[in-house]
Structure formats: structure tokens, C-alpha cells
Amino acid sequence: MEKAEIQALIREAFAAQKFAYVPYSHFHVGAALRGKNGQVFRGCNIENASYTPTICAERTALFKAVSEGHRDFVRIVIAGRSRELCVPCGVCRQVLREFAPNIEIICLNGAGEERTFTLEELLPHSFGPEYLL
Ligand code: THU
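Residues numbered from 1 in each chain as written. Predicted model: local features only at pLDDT ≥ 70, side-chain atom pairs only at ≥ 80, totals over all residues. Heavy atoms only, no water.

### Examining the pairing of strand β2 (residues 40-44)
Working step 1: In this sheet, β2 lies alongside strand β1 (residues 30-35) in antiparallel orientation, the contact comprising 5 bridges. Within β2, the residue paired with Ala32 across the bridge is Arg42. (Pairing = 2+ DSSP bridges. Helix = DSSP H or I, 4+ residues; strand = E, 2+ residues; numbered from the N terminus.)

Spelled out as C-alpha cells, the structure:
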């Protein structure tokens, strides 16, 4: 059942949050990405003393999946700890656009409140691979 599946994915995202390496921002983020075949990929944000190499939780999860041969995704849960819902940054939106233009994006805050977005809502009139054909 889809509702149970989403709840399980939310638990995965919060579990992934525990591994966030965030000595600079102290802003823990966890993500859980569900592939079309049901496989789940977790990710956390990983910061760096040089700042720019920092990677967000969503991209960690997506790159893990793509690097293992997966390219079809159903939804991603992004879980923060703060009051605001943890919405993906602009870079992550563009990276999701590359591999998963139709993905469902479920954003949560630390209280577990959630809101679901389409990528089209978050990144309208986006540039993608088909523009280069
Ligand atoms: N971050 C994410 O991992 N995902 C988001 O959706 C927003 C921002 C990370 C990047 C950085 O480690 C910290 O949160 C503060 O920006």
C-alpha cells in the first residue's frame, strides 16, 4: 500500500539524517529515494572544511543510486530538523530534473510535518537533457 510505503520511506530519511556530517552548519538532513523497482537509497548531507565541496542529502542519495545503475525513481523524502520544511536547494532541483523529472518530492520538518511537491512546482520552465538533442 502506497501510504505505508511512504511512511517507511519517511522513516528511512530520518534514519539517514543521523549520519549527516555537519560540523559547520549543524543542519542535519536525511533523504530516502525510492526506485521504480522498490529499492531505497539513503543519503545525508556531507560538509567540508573548504565549504564548496559540501553535498546535500538528496544528491548523495541520487548519486548513490545512479552510480549503481538506477535511473528510474518514484519519490524522494527529504527530512530536516528545523521548523521549516526541508525543501531541496536549487542545485538539487536541477540534478533531480536530470534523472527524475516526474519524481514526487516529500519535504519534512523536524516535527514530522510534510508537504509533497512536484518537480515542476519547484523548478518551472526547467532546462533538461532533451534541450541538447
Ligand atoms: N542541505 C541539504 O542537505 N538538503 C537541503 O535540501 C538543503 C540544504 C544541506 C547542505 C548543508 O550541509 C546544510 O544543509 C546547510 O545548507
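After presenting the structure, the write-up continues.
### What to know about the packing of aromatic side chains
Working step 1: Under the criterion given, the structure shown has 2 aromatic pairs.
Working step 2: An angle of 55° between the planes, with centres 5.7 Å apart, marks the rings of Tyr24 and Tyr51 as tilted. Of this pair, Tyr24 sits in the loop between α1 (2-17) and β1 while Tyr51 is found in the loop between β2 and α2 (57-66), placing the two residues 27 residues apart along the sequence.
Working step 3: The exposure class of Tyr24 is partly exposed, given its relative accessible area of 39%.
Working step 4: Tyr51 sits in the exposed class, given a relative accessible area of 56%.
Working step 5: Measuring from centroid to centroid gives 4.9 Å for Phe127 and Tyr131, while their planes differ by 40°, and the two rings are tilted.
Working step 6: Classification of Phe127 as partly exposed rests on a relative accessible area of 45%. (Phe/Tyr/Trp six-rings, centres within 6.5 Å; stacked < 30°, edge-to-face > 60°. Buried < 20%, exposed > 50% of the residue type's maximum accessible area, 1.4 Å probe, protein only.)

### Some points on the pattern of salt bridges
Working step 1: Under the defined criterion, the tally for this structure stands at 6 salt bridges.
Working step 2: Measuring nitrogen to oxygen at the nearest pair gives 2.6 Å for the salt bridge that ties Glu12 to Arg42. Of this pair, Glu12 sits in helix α1 while Arg42 sits in strand β2; the two residues are 30 residues apart in sequence, bridging distant segments of the chain.
Working step 3: Residue class for Glu12 comes out partly exposed when judged on its relative accessible area of 24%.
Working step 4: Glu104 is the salt-bridge partner of Arg75, the closest N and O atoms lying 3.1 Å from each other. Taken together, the residues span a long stretch of sequence, with Arg75 in strand β3 (residues 73-79) and Glu104 in strand β4 (residues 104-108) at a distance of 29 residues.
Working step 5: In this structure Arg75 comes out as buried when scored by relative accessible area, which is 2%.
Working step 6: Since its relative accessible area comes to 25%, Glu104 is described here as partly exposed.
Working step 7: In this structure, a network of salt bridges that share partners links the residues Glu2, Glu5, Arg34, Arg75 and Glu104. (Salt bridge = Lys/Arg side-chain N within 4 Å of Asp/Glu carboxyl O.)

### A word on the nonpolar core
Working step 1: Ranked by size, the top nonpolar core spans 21 residues in total, and within it Leu33, Phe73, Ile76, Leu96, Ile103 and Ile105 carry the most contacts.
Working step 2: Listing elements by their share of this core, those giving two or more residues are β1, α2, β3, α3 (90-99), β4 and α4 (119-122).
Working step 3: Sorting elements by how many residues they give to this core places α2 first, with 4 residues.
Working step 4: With sequence-adjacent residues up to four places away left out, Leu96 is seen in contact with Leu62, Ile76, Pro101, Ile103, Ile105 and Leu119.
Working step 5: Ile6, Leu9, Ile10 and Ala79 belong to the second-largest nonpolar core, a separate cluster that totals 9 residues. (Core = buried A, V, L, I, M, F, W, Y, C linked by side-chain atoms within 4.5 Å. Contact = heavy atoms within 4.5 Å.)

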